[in-house]
Amino acid sequence: MSVRYGLLALLDEAPSHGYNLKTAFERRTGGSWAINIGQVYTTIQRLERDGLVESLGSSAGDDERREYRITPAGRAQLATWFENPVVAEAPARDELTIKVLLAVAAGDVDVTALLQRQRRASIEQLQAYTRRKAKADPKRDVAFLILLDALIFRTEAEIRWLDACDARIRSLASAAAAPPTAGSKETDG
Amino acid sequence: MTTLVELDGAARWFGAGHTQVTALHPTSLTVGAGELLAVMGPSGSGKTTLLSLVGGLDKPSAGRVVVDGQDVGSLKPRELAILRRRTVGYVFQDLNLLAGLTARENVAIPLELDGRSIGEARAAANAALESVGLASLGDRFPDDLSGGEQQRVAIARALVGGRRILLADEPTGALDSMTGESVMRLLRAHCDNGGTAILVTHDAAHAAWADRVVFLRDGRLVDEAHPAPNPELATTAP
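Per chain, the residues get numbers from 1 upward, laid out in the order the sequence is written. Each chain is given a letter, starting from A, and each ligand a number, starting from 1, according to the order in which they appear as written. Reporting of local features is limited, given that this is a predicted model, to residues whose pLDDT is at least 70; pairs of side-chain atoms are given and counted only at 80 or more, and all residues count toward the totals for whole chains, interfaces and linings. The basis for every side-chain value is the complete set of non-hydrogen atoms in the structure, without hydrogens or water.

A look at unusual backbone geometry
All names here are of chain B. Within the chain, Glu 170 stands out as a residue other than glycine whose phi angle is a positive 50 degrees. Classification of residues uses two cut-offs on accessible area relative to the type maximum, computed with a 1.4 Å probe and protein chains only: under 20% is buried, over 50% is exposed, and between them is partly exposed. Taking the relative accessible area as the measure of exposure, Glu 170 reaches 12% and is therefore buried. Phi is positive for Asp 218, which is not a glycine, with a value near 50 degrees. Helix and strand assignments follow DSSP, with helices taken as H or I runs no shorter than four residues and strands as E runs no shorter than two, numbered in order from the N terminus. Mapped onto the elements of the fold, Asp 218 is located in the loop between strand E9 (212-217) and strand E10 (220-225). Assessed through its relative accessible area of 42%, Asp 218 is described here as partly exposed.

What follows is the structure in structure tokens.
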């Protein structure tokens, strides 16, 4: 979906051909979102079929040389895409969520240790992203930094969720251990 | 790598007998020059206790805490005060800047307490403010500065006069994400220039600026994280 609109957005700026579209798309999305040229051509063919782009000049030329431009219908669809928020229709099924849920239910899995292994792995990933961020140029590498921020905040959200799972399990365990009338006392530290 | 901070079986407990509360079980850890260490863990896990021991604000009940070659537990109050003024700088979540003093005067305080001349303290304060990007705001009072600027003044005060060990307790807690990031860049730069910083935080995105992240739980070090080698970024478009 995003490749389709990405190519439309690039063609909205100027007519272009397949290989240029591929490199421009990769540059715009932070230099790390590789697409193969075959994917570009298939997407363009679909856009052309749907009347959203049209080829310029003779249709006899080979794929590599053929230039395309956006049509008014393509422009309208692109505008609609930018105007509408992206809302996931259903939460993605996520392996980690399922693993934690099953571990909690299993009873014989050390959930605290599982959460800590995951927390360590996620922080290590976060450290690696942050190293790249520290080296990036805030003026020149804006697209790359925005992409890194997306990855960093997603990983951070995962860690916050792990912390919340941990706290929930701990409070269950301490409620089970403490006599019902005793107040809980926590020192900050 | 020169070791600047060493905990050797350092522990801290309060009270005695069956009312004894252990804030930190015997813990061993070294932090070298150039290293940024982050300490993470839930509330009550011993993070702040660990930081207080390194900062000379508290002494271990057992074991040793060695800071820049000095055994903190054996120092007299006067020597501890000197350690805090010359070697170790503290940054808290609450900035603790004095409202009636300008940014420059706030930064100069540790040096004036240390008996330096006002001119010398002022020059060092200017240099410290410059290092945190606030050279032009030295005459402002804290209330006329943004939260991020105030925190940078607090960092300048912690580093003034060439103190190498920076201890930071949730320094980004009250800041928005971009301002928090600029604070982390300062801590990173301090360490890249040969200093050391220990950062206590619950914020994973900020802890990730560290070379090493240690995890405390119920007063014990339970785990340690190092940067993953070359992570894959998004490599395929959906």
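There is more to say after this.
Looking at the environment of A:Arg119
By the element assignment, A:Arg119 lies in helix H6 (residues 111-135). It is 8.5 Å that separates the C-alpha atoms of A:Arg119 and A:Glu158, two residues lying 39 residues apart in sequence. Here, residues are in contact when the closest pair of their heavy atoms is within 4.5 Å. Leave out the neighbours within four places in its chain, and A:Arg119 touches A:Ile159, A:Leu162, A:Asp163, A:Asp166 and B:Phe215. N or O atoms closer than or at 3.5 Å make up a polar contact, with two conditions inside protein: a donor-capable atom paired with an acceptor-capable one, and, for residues adjacent in sequence, both atoms drawn from side chains. Here A:Asp166 takes part through its side chain, which lies 2.9 Å from a polar atom of the side chain of A:Arg119.

Brief notes about the interface of chain B and chain A
With 38 residues of chain B at the interface, the matching set in chain A holds 39 residues. Surface buried jointly by chain B and chain A totals about 3200 Å² across both partners, of which 54% is contributed by carbon and sulfur atoms. The working definition used for a salt bridge is a side-chain nitrogen of Lys or Arg within 4 Å of a carboxyl oxygen of Asp or Glu. Put simply, chain B and chain A have five salt bridges between them. Note that B:Arg217 is salt-bridged to A:Asp166, the shortest N-O span being 2.9 Å. In this structure, the connection of chain B to chain A is made through nine residue pairs in polar contact (both at pLDDT 80 or more). By convention, the term buried area covers the 1.4 Å-probe accessible surface removed from two parts as they join, with the contributions of both added.

Side note on the sheet that holds strand E3 (residues 36-40) of chain B
The pairing of strands in a sheet comes from backbone hydrogen bonds and takes either a parallel or an antiparallel form. Residues and elements named next belong to chain B. For two strands to be treated as a pair, DSSP must find at least two bridges joining them. The mixed open sheet is built from six strands, whose spatial order is E6-E7-E8-E3-E9-E10. What marks the edges here is a single partner per strand, and that holds for strand E6 (88-92) and E10. Going across the sheet, the axis of each strand differs from the next one's by a mean of 20 degrees, ignoring polarity. Examined bridge by bridge, E3 and E9 share four bridges and lie parallel to one another. Residue Ala 38 lies in a different strand from E9, and its bridge partner there is Val 213. Sheet strands in contact with helix H5 (residues 147-159) are E6 and strand E7 (165-169), and its direction is about 165 degrees off that of E6. Working convention: axes come from line fits to C-alpha atoms, limited for helices to the stretch in contact. Angles between N-to-C directions cover 0 to 180 degrees.

Some thoughts on the pairing of strand E2 (residues 21-32) of chain B
All names here are of chain B. As defined by bridge partners, strand E1 (residues 3-14) adjoins E2 across eight bridges and the pair is classed as antiparallel. By the bridge assignment, Glu 6 is partnered in E2 with Thr 30. Once E1 ends, the chain turns through six residues before running back antiparallel as E2, passing Gly 15 with a positive phi of about 75 degrees.

Details of the packing of aromatic side chains
Ring geometry is summarised as follows: Phe, Tyr and Trp rings, the Trp one being its six-membered ring, pair when their centres sit within 6.5 Å, and such pairs are stacked at plane angles under 30 degrees, edge-to-face over 60 and tilted between the two. Enumeration according to the criterion identifies three aromatic pairs over all chains in this entry. Ring centres 5.3 Å apart and planes at 50 degrees place the aromatic pair A:Trp81 and A:Phe82 in the tilted group. Accessibility expressed as a relative area gives 59% for A:Phe82, which makes it exposed. Their ring planes at 10 degrees and their centres at 4.7 Å tell us that B:Tyr90 and B:Phe92 sit as a pair that is stacked.

Overview of the pairing of E3(B)
Along a regular strand, successive side chains alternate from one face of the sheet to the other. Residue and element names in this part refer to chain B. Across the five residues of E3, five count as buried, placing the element largely inside the fold. Along E3, one buried face is formed by Leu 36, Ala 38 and Met 40 and the opposite face, lined by Leu 37 and Val 39, is buried too. Direction of pairing for E3 relative to strand E8 (residues 196-200): parallel, over a ladder of four bridges. Across the sheet, residue Leu 37 finds its bridge partner in E8, namely Ile 198.

Here we look at the pattern of salt bridges
Residue and element names in this part refer to chain A. A full pass over the atoms with the stated rule returns 27 salt bridges over all chains. In this structure, Arg 69 and Glu 54 form a salt bridge, with 2.8 Å as the shortest nitrogen-oxygen distance. With Arg 69 in strand E3 (residues 67-70) and Glu 54 in strand E2 (residues 53-55), the pair connects residues that are 15 residues apart, well separated along the chain. Take Arg 69: its relative accessible area is 38%, and that puts it in the partly exposed class.

All quantities given are derived from atomic positions and should not be read as evidence of function.
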